[in-house]
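Residues per chain, in single letters:
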Amino acid sequence: MTDLLYLLDLIGVAFFAASGAMMAARLRMDPFGMIVLAALPAIGGGTLRDLALGVRPVFWVDDPTYVLVIVATALTAMLFINHFNRLPERLVLVVDALGLALFCIIGARKALMFEPSYTIAVVMGVITGVAGGMLRDIVCRQIPMILRKEVYATACIAGCSLYVLCIHLGSGERLAMLAGMSTTAAIRLAAIAWRLQLPAFHPKLRT
Amino acid sequence: MTDLLYLLDLIGVAFFAASGAMMAARLRMDPFGMIVLAALPAIGGGTLRDLALGVRPVFWVDDPTYVLVIVATALTAMLFINHFNRLPERLVLVVDALGLALFCIIGARKALMFEPSYTIAVVMGVITGVAGGMLRDIVCRQIPMILRKEVYATACIAGCSLYVLCIHLGSGERLAMLAGMSTTAAIRLAAIAWRLQLPAFHPKLRT
Amino acid sequence: MTDLLYLLDLIGVAFFAASGAMMAARLRMDPFGMIVLAALPAIGGGTLRDLALGVRPVFWVDDPTYVLVIVATALTAMLFINHFNRLPERLVLVVDALGLALFCIIGARKALMFEPSYTIAVVMGVITGVAGGMLRDIVCRQIPMILRKEVYATACIAGCSLYVLCIHLGSGERLAMLAGMSTTAAIRLAAIAWRLQLPAFHPKLRT
């Protein structure tokens, strides 16, 4: 199973790298900018997770395959950028939902290997899933969209919580991961299908 | 004394988390955004301090109580958000000054446990006190106000310097902390009372 | 050679600190803002490198000389700010190119001490050279210029690649560093002299 997880992880990295490279192209960045913006969503969340957990070195330093996948993806994106732009938006969102589900459960699993706390496992799952995209948005000078109105982190929290619950109840690792990933993906896909949003706050402002 | 410090630290975390959640509400973020913006000022500075010092894992991974306090505060803030907004601004600033004094001296103290350098202790005190608020401002796409004209970091530098001086002179830990916190709080409160600001630079610009 | 490298490193830190302090002055920040903006380009890249490599504590915590150089530089910049502004822009760019060459090769060298991967050495060289300036730009709420159109990171990648190639071919450490630094500096200086830019992407946008 570890091999399959590793392969899926690399595919997820390539997908998020491609999404970052497309954002770089929209902002008219140069090739280096495309690589940086590819790297941030692909490995940014996992990097913050490893730093907070005290894992050293961080995973992509230990295994440069991640770096090579990101660079190769960014270079490929440069060649086919106009074709990427013609992909149906719905398809991109669906693949994004699957990648999110994978990343956040992998993050929760890794946290449990280092810290025996379910709370921290859920936090690390969410960080792995969403922090990279937030970093990308911050570098691009945008207030991260997921802080505003997307059912995105919520899907991570639900999936990771179910994952640690399954582990706690003694289910096998495989079943727990499958349950967690399905939950995250299902919530996110439902949000996309029915355009669900969490309510944003509209406080009465003092002026 | 450790127990008292821990309790005060958690209270400080709750206060800064509440201030971050209120900022999230003003920016019309969703519940997840409120939790993220609560977490940044509450534990962001201490996280950077622990990372730079090489403490691993960072303090809130070791003790998930911090995470629970932040989530509980953000959820409470959601319920009472309009009441919070009616708090007198002066009261908020005073509590903020006390929290700042606490955080920066706790940060300087922790640094001295790991590195026998007074310079680093002062730097870590300042980072613990102010970096979390800077991260919150950056995520919200604002140039951090404290870089511009507030007597804020200056109060931390003065308090932490006095703290390490007391330690150096062999005063007890308690006296040193009390002296440092009082100094930081007093300078900050004076700045609030008399609206003091450091002069900003107005260089002659080449155009 | 280690002593010479250390001295050059401190000079590079002072130069980048001065450049950050000048940016702070242009943005009308206060003295604390000048110190923060001096610190980011001076030690930000090396800090991220050390964190990712798992070096602990980060280099400037181990050797507070770096902090003192930054604070001294920022204070000096405050006094002479208007004189700095009259420096010819070309001179500033040339010194910046030399500092960049130094920083990125030092970064690649340090990475090789901890991780036996040439890929990671190049990545760490680039991070050491350019990430600090990116952090400064992000805090100042600008999309980092080097992501857009400067031949800047490219010069780092070329120099660091030549450095690891020399090491791989068994050249001495000195020769490898000299070759790497010369390459980075030469590419960057050529880009300045002939105003070279990497092409930015102009994708056909869907609206």
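Higher on the page you've got the structure.
Cut-off values and rules
Residues numbered from 1 in each chain as written. Chains lettered and ligands numbered in written order. Predicted model: local features only at pLDDT ≥ 70, side-chain atom pairs only at ≥ 80, totals over all residues. Axes fitted to C-alpha atoms, helices over the stretch in contact; angles between N-to-C directions. Helix = DSSP H or I, 4+ residues; strand = E, 2+ residues; numbered from the N terminus. Parallel < 35°, antiparallel > 145°, perpendicular 65-115°, else oblique. Left-handed = near helix turned anticlockwise from the far one by under 90°. Contact = placed C-beta atoms within 7 Å. Nonpolar A, V, L, I, M, F, W, Y, C, P; charged D, E, K, R; others polar. Expected span 1.5 Å × (residues − 1). Buried ≥ 20, exposed ≤ 12 C-beta atoms within 10 Å, placed from the backbone. Core = buried A, V, L, I, M, F, W, Y, C linked by C-beta atoms within 7 Å.

### Observations regarding the packing of helix H2 (residues 31-53) of chain C against helix H5 (residues 89-114) of chain C
Residue and element names in this part refer to chain C.
Consideration 1: Where H2 meets H5, the closest approach of the two axes is 11 Å, and the angle between their N-to-C directions is 15°. Our classification of the angle between H2 and H5 gives roughly parallel. Both H2 and H5 take part in a crossing whose hand is right-handed. Where H2 abuts H5, its residues Gly 45, Gly 46, Arg 49 and Leu 53 lie against Phe 103, Gly 107, Lys 110, Ala 111 and Phe 114.
Consideration 2: Taken together, the residues of the contact of H2 with H5 break down into 4 nonpolar, 3 polar and 2 charged.

### Considering helix H7 (residues 153-168) of chain C
Consideration 1: Across its 16 residues, H7(C) extends 22 Å between first and last C-alpha, which sits within 8% of the 22 Å expected from 1.5 Å per residue.
Consideration 2: Those residues of H7(C) that sit buried are C:Ala153, C:Thr154, C:Ala155, C:Cys156, C:Ile157, C:Gly159, C:Cys160, C:Leu162, C:Tyr163, C:Val164 and C:Ile167.
Consideration 3: On its buried side, H7(C) packs onto helix H2 (31-53) of chain A together with H5, helix H6 (118-139) and helix H8 (173-193) of chain C.
Consideration 4: Among the residues trailing H7(C), C:Gly170 stands out with phi positive, at a value near 85°.

### A closer look at the nonpolar core
Consideration 1: Counting residues in hydrophobic clusters, the biggest one holds 236 residues, and the most contacted among them are A:Ala17, B:Ala17, B:Ile70 and C:Ala17.
Consideration 2: Dropping the residues within four chain positions of it, B:Ile70 is found in contact with B:Val13, B:Ala17, B:Ile35, B:Ala38, B:Ala39, B:Ala42 and B:Ile43.

### Thoughts on the environment of B:Val151
Consideration 1: In this structure, B:Val151 sits in the loop between helix H7 (118-139) and helix H8 (153-168).
Consideration 2: Taking the C-alpha atoms as reference points, B:Val151 and B:Ala190, 39 residues apart in sequence, are found 9.4 Å from one another.

### Some thoughts on the packing of H6(C) against H7(C)
Residue and element names in this part refer to chain C.
Consideration 1: Axis separation between H6 and H7 bottoms out at 9 Å; the angle between their running directions is 140°. In this view, H6 runs oblique relative to H7, as classed from their interaxial angle. Regarding H6 and H7, the two cross each other, and that crossing is right-handed. Contact residues: Tyr 118, Ala 121, Val 122, Gly 125, Val 126, Gly 129 and Val 130 in H6; Ala 153, Cys 156, Ile 157, Cys 160, Ser 161, Val 164 and His 168 in H7.
Consideration 2: Of the residues contributing to the contact of H6 with H7, the split by class is 10 nonpolar, 4 polar and no charged.

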